[in-house]
Amino acid sequence: WMKLTSTEIENLIQAGLLHDVGKTKVSLSILNKETVLSHEEFAEMKKHTIWGYEMLSDSSEIDEEVKLVALLHHERFDRTGYPYQAGGPFINLPARIIAVADVYDAMTSERVYKKKLTPFEAFDMFSSSGMTMFDPLVTRTFLTNIYPFYIGASVVLNSGDTGRIVHIPPYDLTDPIVDVNSNLVDLSKEKHLRITSVG
């Protein structure tokens, strides 16, 4: 989607696999905690970026771009990330891409400390605050290419009805049109309805 070279894609795949390697040094009591982390625990968790970079830095077989992803994947374009609040120009492109994929995965996956969100709730975040937190080009590229995969997906609405997504307007990714018992329900107009799960 980003028109990368084959070498850049290989590095990106490796970065995707290794970006959280530093978490192997984080206490399991923190990693597996089922409630919100304390300030001290979160400070410890954030060290995984530096630990990951240090763990990879001794390897001559791993590209520097990959090592930097371990360090920078929690940095944000608007300087709200960690460990350095580096800001957009200082974050390499692979880390910008992994950041979007990592957050999308975290939002839409079940975790011990939170229930998963629907892709449409994630789309809402990326389309609003995400445009300043993340690289806008990466974010737009992601959204433009990911939403078509959900056309045809089975969904459950908060009314309890089940249906199938038949259309997602490119200008309004959070409010698809759903076929419910052969009736087309436009969620942009039926504001009392929302998708609670995607199957």
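Conventions and cut-offs
Residues numbered from 1 in each chain as written. Predicted model: local features only at pLDDT ≥ 70, side-chain atom pairs only at ≥ 80, totals over all residues. Heavy atoms only, no water. Salt bridge = Lys/Arg side-chain N within 4 Å of Asp/Glu carboxyl O. Helix = DSSP H or I, 4+ residues; strand = E, 2+ residues; numbered from the N terminus. 1 Å grid on protein atoms, 1.4 Å probe; cavity = no way out; pocket = protein on both sides within 12 Å on 5 of 7 lines; lining within 4 Å. Points joined across faces, edges and corners; volume = space filled by probe spheres on them. Nonpolar A, V, L, I, M, F, W, Y, C, P; charged D, E, K, R; others polar. Phe/Tyr/Trp six-rings, centres within 6.5 Å; stacked < 30°, edge-to-face > 60°. Buried < 20%, exposed > 50% of the residue type's maximum accessible area, 1.4 Å probe, protein only.

## A short note on the pattern of salt bridges
Under the criterion given, the structure shown has six salt bridges. When the shortest N-O distance is used, the salt bridge between Glu41 and Lys33 registers 2.6 Å. For Asp175, the salt bridge identified is with Lys191, shortest N-O distance 3.6 Å. A residue pair is termed long-range when its members are at least 10 positions apart, and Asp175 in the loop between β2 (162-167) and β3 (177-180) and Lys191 in the loop between β4 (183-186) and β5 (195-198) qualify at 16 residues.

## Quick look at the layout of surface pockets
Here the largest pocket is characterised by a volume of approximately 830 Å³. Within the residue set of the lining of the largest pocket, elements represented by two or more residues are α2 (28-31), α3 (39-46) and α6 (93-107). When residues of the lining of the largest pocket are assigned to their parent elements, the largest contribution, five residues, is made by α6. Taken together, the residues of the lining of the largest pocket sort by class into 14 nonpolar, three polar and nine charged.

## What about the packing of aromatic side chains?
By the definition in use, this model includes eight aromatic pairs. Aromatic pair Phe42 and Tyr82: ring centres 6.0 Å apart, planes at 85°, arrangement edge-to-face. Placement of the pair is Phe42 in helix α3 and Tyr82 in the loop between α5 (64-72) and α6, with a sequence separation of 40 residues. The partly exposed category is assigned to Phe42, whose relative accessible area is 38%. Judged by centre distance (5.4 Å) and plane angle (45°), the rings of Phe126 and Phe134 are tilted. Among the residues examined, Phe126 registers a relative accessible area of 0% and is labelled buried. Aromatic rings pair up to connect Tyr104, Phe120, Phe123, Phe126, Phe134, Phe142 and Tyr150 into one cluster.

## What about the environment of Ser60?
Summarising the element assignment, Ser60 is placed in the loop between α4 (48-57) and α5. Between the C-alpha atom of Ser60 and that of Glu110, which follows or precedes it by 50 residues, the distance is 36 Å.

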